[in-house]
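# Overview (structure and organization)
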Number of protein chains: 2
Amino acid sequence: MQRKFRSPRSDDSRGVASPFLDRISDFTVRRLSSYCRILRNLETNSASTVSSAKLAELCGVTSAQVRKDLSYFGNFGTRGLGYQVSELKTAIEKIMGLHRQWSVALFGAGSLGHALFFHEGFREDGFYFRHVFEVDPLKVGKKWQDVEIRPIEEAESRLKRIPVDIAVVATPSESAQEIVDLVVGLGVKAIMNFAPRKLNVPDNVGLRNVNLAVALESLSFFLSN
Amino acid sequence: MQRKFRSPRSDDSRGVASPFLDRISDFTVRRLSSYCRILRNLETNSASTVSSAKLAELCGVTSAQVRKDLSYFGNFGTRGLGYQVSELKTAIEKIMGLHRQWSVALFGAGSLGHALFFHEGFREDGFYFRHVFEVDPLKVGKKWQDVEIRPIEEAESRLKRIPVDIAVVATPSESAQEIVDLVVGLGVKAIMNFAPRKLNVPDNVGLRNVNLAVALESLSFFLSN
DNA sequence: TAGATTGTTAATCGATTAACAATC
DNA sequence: TAGATTGTTAATCGATTAACAATC
């Protein structure tokens, strides 16, 4: 149904079990994102505990689903009482890698690139844009916050000097594969792609495609049928 | 596993069978989008026929999947020969509702709203923004192409005068439900939501959530494990 | 203790795939 | 005709859910 992600064998000293030998589906990962967001809200509203039923309701899933998802990673609750909000939030952030910072390079400084760069949620989650690369000479040289837009030709040398964990591709489809090949060659292991085309990456590189048209087309289908 | 969409009973005079009594999963709809895009490319490159195996390869799925997806809607191929590219493209566009125009209202004229408004792919697919509504008085009055940004208070009267098929919500999370209630009350039957929160809509309204953070968080999980 | 809720197993549901008769 | 490829059925795979013993 979907490609699964196999977690490498690595133990963890701070109470979060690693799901080695097990496989976590992307469905589960996406729900963990959602649980995390809700738990942050609950924490803001000073809730101290939450049951799987309550969390499920707030996320629009079943309570069995919540418990099942969490069970891949450890025992976070107390029978009869539920989960400590802050504790569970911290645990999920750690599982998701949201307890640390990630360096990101943005390719494409068009309106989509602009929106991504200034999207506040990313920074709050620990994702920091270190580079912006663009072909349009009219945009090169401009500064977005403390990052100067540089020509794509400088990507290699700059990424060697200041490496990143993640590359975000917000360029026209034609240049996407080229950029991916470049950053993969430079050791980048994770790519978020907005270009609506199939990209080839090695097995050990994570690729997530975001296609803005799909949601609208799905609504168009819904309205038509 | 997911909510299914039940197609209403309605026959079609132009050769595309309607899948009444059947249910089409959102997985299938998303793949139809993908087939459509590839077929458009093939048509541009003057390919006249394509097999399910070739189409599958270009989309990154199996040939059985392609044939299965298409089989929900009719018989589009010729045994031994494959599919006519233009014919199949036209058929899928019709199934998806991409053979006509859709009117869209945009809520939120921030950088995300800006990116969506100027996203070329939408217009090419037949989605036209008729309205842009925004609370920030500094933005109200500006013109994006031929559309003037108007205050959110005018949404009701303007949408009554010039109705839309789809509302796109690109506002902060806090105002999203309010906007949804408003447009649902005005008869809008399809909503694309970028606010990272659960929205309540009646059963007969289509809602698609796009969460930009999820793809990055999923990569953060990938890199961490 | 009685009530509540977890963690987990087994059952169910539904999506994908293999296989092949039909047929160009 | 022989080769190719569809449309469809049945088998498989995997995600979700119901149910309940464990236990706070």
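As a starting point, this report considers the structure included with it. Quantities reported herein were computed from a predicted structural model and do not represent experimental measurements.

Each value, and the rule that gives it
- Residues numbered from 1 in each chain as written.
- Chains lettered and ligands numbered in written order.
- Predicted model: local features only at pLDDT ≥ 70, side-chain atom pairs only at ≥ 80, totals over all residues.
- Heavy atoms only, no water.
- 1 Å grid on protein atoms, 1.4 Å probe; cavity = no way out; pocket = protein on both sides within 12 Å on 5 of 7 lines; lining within 4 Å.
- Points joined across faces, edges and corners; volume = space filled by probe spheres on them.
- Helix = DSSP H or I, 4+ residues; strand = E, 2+ residues; numbered from the N terminus.
- Nonpolar A, V, L, I, M, F, W, Y, C, P; charged D, E, K, R; others polar.
- Pairing = 2+ DSSP bridges.
- Contact = heavy atoms within 4.5 Å.
- Axes fitted to C-alpha atoms, helices over the stretch in contact; angles between N-to-C directions.
- Least-squares fit on C-alpha atoms with pLDDT ≥ 70 in both.
- Buried < 20%, exposed > 50% of the residue type's maximum accessible area, 1.4 Å probe, protein only.
- Right-handed = clockwise from strand over helix to strand, strands pointing away.
- Buried area = accessible area lost by both parts, 1.4 Å probe.
- Salt bridge = Lys/Arg side-chain N within 4 Å of Asp/Glu carboxyl O.
- Polar contact = N/O pair within 3.5 Å; in protein donor to acceptor, adjacent residues only side chain to side chain.

On to the layout of surface pockets. All names here are of chain B. Volume-wise, the second largest pocket comes out at about 290 Å³. Residue lining of the second largest pocket: 13 residues in total, with Arg67, Gly77, Thr78, Arg79 and Tyr83 positioned closest to the centre. Elements supplying a minimum of two residues to the lining of the second largest pocket: α3 (63-71), β4 (77-78) and β5 (82-84). Top contributing element to the lining of the second largest pocket by residue count: α3, with three residues. Taken together, the residues that form the lining of the second largest pocket break down as three nonpolar, eight polar and two charged.

Now for the sheet that holds strand β4 (residues 77-78) of chain A. Residues and elements named next belong to chain A. The strand order across the open sheet formed by three strands is β3-β5-β4, and the pairing between neighbours is antiparallel. Both outer strands of the open sheet, β3 (49-50) and β4, are each paired with one neighbouring strand and no more. As paired elements, β3 and strand β5 (residues 82-84) share two bridges and run antiparallel to each other. Paired with Thr49 across the two strands is Gln84, which belongs to β5. With respect to the sheet, helix α4 (residues 85-96) is in contact with β3 and β5, its orientation differing from that of β5 by roughly 75°.

What follows covers the relation of the copies chain A and chain B. In the superposition of chain A on chain B (RMSD 0.0 Å, axial shift 0.0 Å), the rotation amounts to 180°. Read as a symmetry element, the transformation amounts to a two-fold axis. Measuring from the rotation axis to each C-alpha of chain A, the shortest distance belongs to A:Ala115, at 3.2 Å. A symmetric contact is evident, with 98% of the interface residues of chain A recurring at the interface of chain B.

This paragraph deals with the pairing of strand β10 (residues 166-169) of chain B. Residues and elements named next belong to chain B. Taking every second residue as pointing to the same face, both faces of β10 are buried, with Ile166 and Val168 on one and Ala167 and Val169 on the other. Of the pairings in the sheet, the one linking strand β6 (residues 102-107) to β10 comprises four bridges and is parallel in character. Among the inter-strand pairings, Val104 is bridged to a residue of β10, identified as Ile166. Here β10 runs beside strand β11 (residues 190-193); their pairing, made up of four bridges, is parallel. Each bridged residue has a counterpart across the sheet, and for Val168 the counterpart in β11 is Met192. Regarding the hand of the β-α-β motif, the stretch spanning β10, helix α8 (residues 173-185) and β11 is right-handed.

With that out of the way, let us pick up unusual backbone geometry. Of note in the backbone geometry, A:Gln145 takes a positive phi value of approximately 45° without being a glycine. Along the chain, the position of A:Gln145 falls in the loop between β8 (143-144) and β9 (147-151). Here the phi dihedral of B:Ser46 falls at roughly 60°; this positive angle occurs in a residue that is not glycine.

Turning to the interface of chain A and chain B, a few remarks are in order. Residue-level contacts link 62 residues of chain A with 61 residues of chain B. Approximately 5300 Å² of surface area, both sides summed, lies buried where chain A meets chain B, with 74% of it carried by carbon and sulfur atoms. Inspection of the chain A/chain B interface yields zero salt bridges. The tally of links between chain A and chain B comes to 18 residue pairs in polar contact (both at pLDDT 80 or more). Mapped by element, the contributors of at least two residues to the side of chain A that touches chain B are α1 (26-44), α2 (52-59), α4, α5 (111-117), β11 (190-193), β12 (206-209) and α9 (212-224) of chain A. Considering only residue class, the side of chain A that touches chain B consists of 37 nonpolar, 14 polar and eleven charged.

Residue and element names in this part refer to chain B. Summarising the element assignment, Thr28 is placed in helix α1 (residues 26-44). Given the relative accessible area of 3%, Thr28 is considered buried. Thr28 has contacts with Asp69, Tyr72 and Phe73, leaving out every residue within four places of it along the chain.

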